[in-house]
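Structural description and commentary
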Amino acid sequence: DGKFKHWREIDIEVTGDSSGALQSNVIYAEDAYEFNIKMEDSERHEMDFNVRSDFHTYAFEWLPDRIAWYADGRLLREKRGGHNIPKLSAKIMMNLWMFDERALFGGKQIQNNRFPMRSEYDWFR
């Protein structure tokens, strides 16, 4: 299986361009040769708190006909139906990643693009 053959990705992202915003994504592909922007359905969410400071509860609910994204119990977005709600299993990842000089993701300012980087999780279920 190539990386794009069965791509199922649902994200809540803290990006490098703003401490006051989150991004929600669903990325779905079948037999794709390489990444294509049509695989992605993303929305940016301006928050009334610093998403990088203190602990917050981020969640998504994945059901056969919809995906809902939450921050601190507040519904941010709900996607119903459509071709890119994953039907097959997926994996859960929690990670940090650096942008290269092109800054293809996360905005051109990428002020968090430096080491050391740290991410801390109080609990996961």
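Everything numeric in this text was worked out from a predicted model, so none of it was measured.

**Side note on the confidence of the model for the chain**
In the predicted model, the chain carries a mean pLDDT of 81, and 82% of its residues have values of at least 70. The least confident element of the chain, judged by mean pLDDT, is strand β1 (residues 6-13) at 84; the most confident is strand β6 (residues 74-80) at 96.

**Comments concerning the pattern of salt bridges**
Under the defined criterion, the tally for this structure stands at 8 salt bridges. Of the charged contacts in the structure, one is a salt bridge between Arg80 and Asp65, with a shortest N-O distance of 3.9 Å. With Arg80 in strand β6 and Asp65 in the loop between β4 (58-63) and β5 (66-71), this residue pair connects regions lying 15 residues apart in the sequence. In this structure, the salt-bridge partner of Glu78 is Arg80, at a minimum N-O distance of 3.5 Å. Taken together, the shared-partner salt bridges connect Glu61, Asp65, Arg66, Glu78 and Arg80 into one network.

**What about the side chain of Arg77?**
Relative to the helices and strands, Arg77 resides in strand β6. Arg77 sits in the buried class, given a relative accessible area of 5%. Among the polar contacts listed, one links the side chain of Arg77 to the side chain of Asp41, at a separation of 2.7 Å. There is a polar contact of 3.4 Å between the side chain of Arg77 and the side chain of Glu43. Non-local contacts of Arg77, meaning those with residues more than four positions away in its chain, are made with Ser24, Asn25, Asp41, Ser42, Glu43, His45, Ile67, Ala68 and Trp69.

**Let's talk about the nonpolar core**
Ranked by size, the top nonpolar core spans 11 residues in total: Ile10, Leu22, Val26, Met47, Phe49, Val51, Ile67, Trp69, Ala71, Leu76 and Ile85. Mapped by element, the contributors of at least two residues to this core are β2 (21-30) and β5. Take this core: its biggest share by element is 3 residues, from β5. Once residues lying within four places of it in the same chain are set aside, the contact partners of Val51 are Val14, Ser18, Ser19, Gly20, Ala21, Leu22, His56 and Tyr58.

Conventions and cut-offs
- Residues numbered from 1 in each chain as written.
- Predicted model: local features only at pLDDT ≥ 70, side-chain atom pairs only at ≥ 80, totals over all residues.
- Heavy atoms only, no water.
- pLDDT = per-residue confidence, 0-100.
- Helix = DSSP H or I, 4+ residues; strand = E, 2+ residues; numbered from the N terminus.
- Salt bridge = Lys/Arg side-chain N within 4 Å of Asp/Glu carboxyl O.
- Buried < 20%, exposed > 50% of the residue type's maximum accessible area, 1.4 Å probe, protein only.
- Polar contact = N/O pair within 3.5 Å; in protein donor to acceptor, adjacent residues only side chain to side chain.
- Contact = heavy atoms within 4.5 Å.
- Core = buried A, V, L, I, M, F, W, Y, C linked by side-chain atoms within 4.5 Å.

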